[in-house]
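Structural features, examined
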Amino acid sequence: MTTETQTQGTTTDGFHLVIDALKLNDIRTIYALPGIPITDFLRMSQAEGMRVISFRHEQHAGNAAAAAGFLTQKPGICFTVSAPGFLNGLTALANATTNCFPMILVSGSSEREIVDLQQGDYEEMDQLAIAKPLCKAAFRVLHAEDIGVGIARAIRAAVSGRPGGVYLDLPAKLFAQTMDAEAGKKSLIKVVDAAPKQIPGADAVKRAVDLLKGAKKPLIILGKGAAYAQADAEIKSFVEKTGIPYLPMSMAKGLLPDNHAQSASAARSYVLAEADVVMLVGARLNWLLSHGKGKTWGGAGSKQAGGQQFIQVDISPTEADSNVATAAPVIGDIGSCIAALNGALGANWAKPPADWTGAIAERKDKNLTKMAETLAKNPSPMNFHSALNVIRDKIKERPDAVLVNEGANALDFTRSIVDMYEPRKRLDVGTWGIMGIGMGFAVAAAVETGKPVIAVEGDSAFGFSGMEVETICRYNLPVCIVILNNNGIYKGTDQNTSGTADMAPTQFVKNARYDMMMQAFGGAGVMAHTPEELKKALDEAVASGKPTLINAVIDEGAGTESGRITSLNPAAAKKK
Ligand code: ADP
Ligand code: TPW
Ligand code: MG
């Protein structure tokens, strides 16, 4: 091992033990931002053959690690410096945990003795205590001989059961500790079966199948847990064998192609209100599904249940009954659960009643025709629809490309207009609706998949991680950023009514040249005022793989307040 030769004969040190422990567990990429005490660690990692992707802000390194975790089922690794670097990474760690993405945030920390007596060390902070409530597990390693155990525990905690974020605290002193190289090697652990299968009980499977059998209006909802599980063939087989209409949640789009005959996306409000038995597969009944009750679900009032019976396929037993009663929980990993359900369907499964599937098809056809008419229009200035029609065509042509998406209107319109055809190709703002994931996710998507990445960004959303265009150029990643630029948050037409000179809080500099930001670092920056210009620039970007930013200027009055979630604004609630 080169490690041993570089560490003077027969001793090794904390730096190399961490590197070797990661490598032993097939972790080859580190997302990071250097500084004391991890600068040398990153240099050594690179020298030892790891890919080190160095960012301009820790939040984006953390978001990249989270996306890597979602895409690969291996924990994405993010390294930061102490206190401020750690805190900058913490948002990503918390967001990963919220979304059930496996990642490990590793932060260097200051001297324990000084931190605990609060004597004012360089970047002093009790990071472990702060991280704990925001992640799935948090560990600290104080001795070189415990590095193997520390990394193994972090990996297991991140990927087993419900995946999530893990914090690993590595004090500066640890890196320089030395120990006998042979003993060091022996202390490392190769994690065996990091995410063990969890097989559902036969009675739970039978209960679910019986419920589905009796349903007149069944519906399947696929969530990002189903996409994460990489049980694509089993899920496809279950959906097609049962003939049950399904709805994909945002990041489950493409798990089955969006143009699948059983997709009920274009009749979403109809199926949610009308279904009698709903099977959730890796999807929670949180705010994104109106908590399983209220008018969305056909309930009489905003808090009343619609009378659906729920089947919940999930790895977390405590997810059942979280919002409304779960009639049939099926607890296990999705691959094992769906395989068991497939096995229990039997040979003569009766497809859902034709009046249910027929009514859905009718609404779907109507809505798809309406959408096609809207997309065919070519207004001047360009609006969300005419710009996104170009992206829609591109993803159809290149279904292997990864689509990253954030914004308000820029998010909602993209989700409904741009069809996905392959699993795990759509990365977005997730459970929190968080802004700032854009460039971190785009970098990870390019690094982990090697495929073209198209990041469709609201102009505000882009600003949260915009400086990472330098990172994209530095690593020459095949990322094309398309900014749907409407001069502001939600729209560019708000006015300051106070009489002062300031702009309204949702407004940005008019006609901003985001394209020049990309040019500043050697990438291609292009203005697009029409769908034709957008198409030309996008074709070139994807064909060349060159880092590109397309500043797509759209009608500044086209959006709505908060996109689709206007009703969550307190002022809107007051009017109710
Ligand atoms: P969405 O936002 O797409 O509705 P959520 O993030 O709300 O999805 O839900 C994902 C669910 O998937 C979580 O409840 C999580 O426990 C579950 N999950 C994640 N991975 C697996 C897996 N491998 N097997 C079973 N359930 C999983
Ligand atoms: C970390 C609140 C939700 S959406 C959005 C903000 C600031 C930006 C919308 O403007 P954009 O899109 O991107 O230009 P468009 O097309 O509607 O004009 N801080 C965080 N997360 C969230 N969600 C916000 C603020 C928000
Ligand atoms: Mg905007």
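Residues numbered from 1 in each chain as written. Chains lettered and ligands numbered in written order. Predicted model: local features only at pLDDT ≥ 70, side-chain atom pairs only at ≥ 80, totals over all residues. Heavy atoms only, no water.

What about the pattern of salt bridges?
Following the criterion strictly, the structure yields 28 salt bridges and no others. Among the ionic pairs, R43 bridges to D40, the shortest N-O distance being 2.6 Å. Placement of the pair is R43 and D40 together in helix α3 (residues 39-47), with a separation of 3 residues, close to one helical turn. You can call D40 partly exposed: its relative accessible area is 38%. (Salt bridge = Lys/Arg side-chain N within 4 Å of Asp/Glu carboxyl O. Helix = DSSP H or I, 4+ residues; strand = E, 2+ residues; numbered from the N terminus. Buried < 20%, exposed > 50% of the residue type's maximum accessible area, 1.4 Å probe, protein only.)

Let's talk about the confidence of the model for the chain
Averaged over all residues, the pLDDT of the chain is 96; the fraction at 70 or higher stands at 98%. Contacts of residues 1-5 to residues separated by more than four positions or lying in other chains number 10 contacts, the stretch itself having pLDDT below 50. (pLDDT = per-residue confidence, 0-100. Contact = heavy atoms within 4.5 Å.)

Some details on the sheet that holds strand β19 (residues 548-553)
A sheet is described by the order of its strands in space; here 6 strands give the open sequence β15-β14-β16-β17-β19-β18, paired in parallel fashion. Only two strands of the sheet have a single partner each, and these edge strands are β15 (426-428) and β18 (524-528). Looking at each pair of strands side by side, their axes are set apart by 15° on average, direction ignored. The pairing of strand β14 (residues 402-406) with strand β16 (residues 453-458) spans 5 bridges and is classified as parallel. (Pairing = 2+ DSSP bridges. Axes fitted to C-alpha atoms, helices over the stretch in contact; angles between N-to-C directions.)

A look at the coordination of the magnesium ion (ligand 3)
Taken together, the protein ligands of the magnesium ion (ligand 3) are D459 (OD), N486 (OD1) and G488 (O), with distances of 2.0 to 2.1 Å. Mapping the donors of the magnesium ion (ligand 3) onto the primary sequence gives the spacing D-x26-N-x1-G. Note on G488: relative accessible area 2%, which makes it buried. (Donors = N, O, S within 2.8 Å, 3.2 Å for Na, K, Ca; no water.)

Points about helix α16 (residues 354-376)
The end-to-end C-alpha distance of α16 is 32 Å, a good match for the 33 Å that 23 residues give at a rise of 1.5 Å each. The elements touched by buried residues of α16 are β9 (218-222), α14 (268-274), α17 (384-397) and α18 (409-417). (Expected span 1.5 Å × (residues − 1).)

Thoughts on the site of ligand 2
N409, G433, D459, S460 and A461 are the nearest of the 17 residues found near ligand 2. A distance of 2.8 Å is found between an oxygen atom of ligand 2 and a backbone nitrogen or oxygen belonging to N409. In this structure, an oxygen atom belonging to ligand 2 sits 3.0 Å away from a side-chain N or O atom of N486. Taken by itself ligand 2 offers 590 Å² of open surface, and the protein chains cover 76% of this. Elements with a contribution of two residues or more to the shell around ligand 2: α18 and α20 (459-463). Among the elements that make up the shell around ligand 2, the one with the highest residue count is α20 (3 residues). When grouped by side-chain class, the residues that make up the shell around ligand 2 number 9 nonpolar, 7 polar and 1 charged. (Near = heavy atom within 4 Å. Polar contact = N/O pair within 3.5 Å; in protein donor to acceptor, adjacent residues only side chain to side chain. Areas by Shrake-Rupley, 256 points an atom, 1.4 Å probe, with all protein chains shown as cover. Nonpolar A, V, L, I, M, F, W, Y, C, P; charged D, E, K, R; others polar.)

Let's talk about the sheet that holds strand β13 (residues 328-331)
Taking strand neighbours across the sheet as the criterion, the 5 strands line up as β10-β9-β11-β12-β13 in an open arrangement whose pairing is parallel. Each of the sheet's edge strands pairs with one partner strand only, and the pair in question is β10 (246-248) and β13. On average, adjacent strands in this sheet sit at an angle of 15° to one another, irrespective of strand direction. In terms of strand pairing, β9 meets β10 through 3 bridges, oriented parallel. Counted as the bridge partner of L222 is P248 from β10. The sheet strands contacting helix α15 (residues 334-344) are β11 (277-281), β12 (309-314) and β13, and the helix crosses β11 at an angle near 140°.

Some thoughts on the site of ligand 1
Looking at ligand 1, there are 19 residues lining it, with R162, K224, R284, D314 and I334 nearest. Between ligand 1 and K224, the relevant distance is 2.6 Å, taken from an oxygen atom to a side-chain nitrogen or oxygen of the residue. Contact distances for ligand 1 include 3.4 Å between an oxygen atom and a backbone N or O atom of G282. Against a free-state accessible area of 590 Å², the protein chains account for coverage of 96% of ligand 1. Ranked by the residues each element gives to the shell around ligand 1, the list is headed by helix α12 (residues 224-228), at 3 residues. Residue composition of the shell around ligand 1, grouped by class: 8 nonpolar, 6 polar and 5 charged.

Topic: the packing of α17 against α18
Contact geometry of α17 with α18 gives a least axis separation of 10 Å together with a crossing angle of 50°. Classified by the interaxial angle, the pair formed by α17 and α18 is oblique. When you trace α17 past α18, the crossing you get is right-handed. Touching F384, H385, L388, N389 and R392 of α17 are N409, A410, F413, T414 and I417, all from α18. For the contact of α17 with α18, a count of residues per class yields 5 nonpolar, 4 polar and 1 charged. (Parallel < 35°, antiparallel > 145°, perpendicular 65-115°, else oblique. Left-handed = near helix turned anticlockwise from the far one by under 90°.)

A few points about a nonpolar patch on the surface
A contiguous nonpolar surface patch, about 340 Å² in accessible area, is contributed by W287, L288, I565 and L568. Mapping I565 onto the fold places it in the loop between β19 and α24 (570-575). Using a relative accessible area of 35% as the deciding quantity, one classes I565 as partly exposed. (Patch = residues over 30% accessible without salt bridge, like charges linked within 9 Å, V, L, I, M, F, W, Y side chains within 5 Å.)

Observations concerning the state of the cysteines
Enumeration over the complete set of coordinates arrives at 0 disulfides. The closest cysteine sulfur to the non-disulfide-bonded C100 is located on C135, 14 Å from its own sulfur. Residue C100 is classed as buried on the basis of its relative accessible area, which comes to 17%. With no disulfide of its own, C480 lies closest to C473 among cysteine sulfurs, the gap being 12 Å. (Disulfide = S-S within 2.5 Å.)

Focus on the side chain of S54
Within the secondary structure layout, S54 lies in strand β3 (residues 51-54). Apart from the residues within four sequence positions on either side, S54 is in contact with A32, P34, T471, R474 and Y475.

A few points about the pairing of β13
Here β13 shows a clear split, with A328 and V330 buried on one side and none of P329 and I331 buried on the other. Where β12 and β13 come together, 4 bridges link them in parallel fashion. Looking at β13, one finds that V313 is bridged to V330.

Observations concerning helix α23 (residues 531-544)
Given 3.6 residues per helical turn, the α-helix brings residues three or four places apart onto the same face. A rise of 1.5 Å per residue sets the reference length of α23, with its 14 residues, at 20 Å; its end C-alpha atoms lie 20 Å apart and thus fit the reference within 8%. Restricting attention to buried positions, one finds in α23 the residues P531, L534, A537, L538, A541 and V542. Buried residues along α23 cover an arc of 130° about the axis, so they all sit on one side. In α23, the exposed positions that point more than 90 degrees away from the buried face belong to K536, A543 and S544. Next to the buried residues of α23 lie α17, β16, β17 (479-485), β18 and β19. Immediately downstream of α23, the backbone of G545 shows phi near 70°, a positive value. (Arc of directions from axis to C-beta.)

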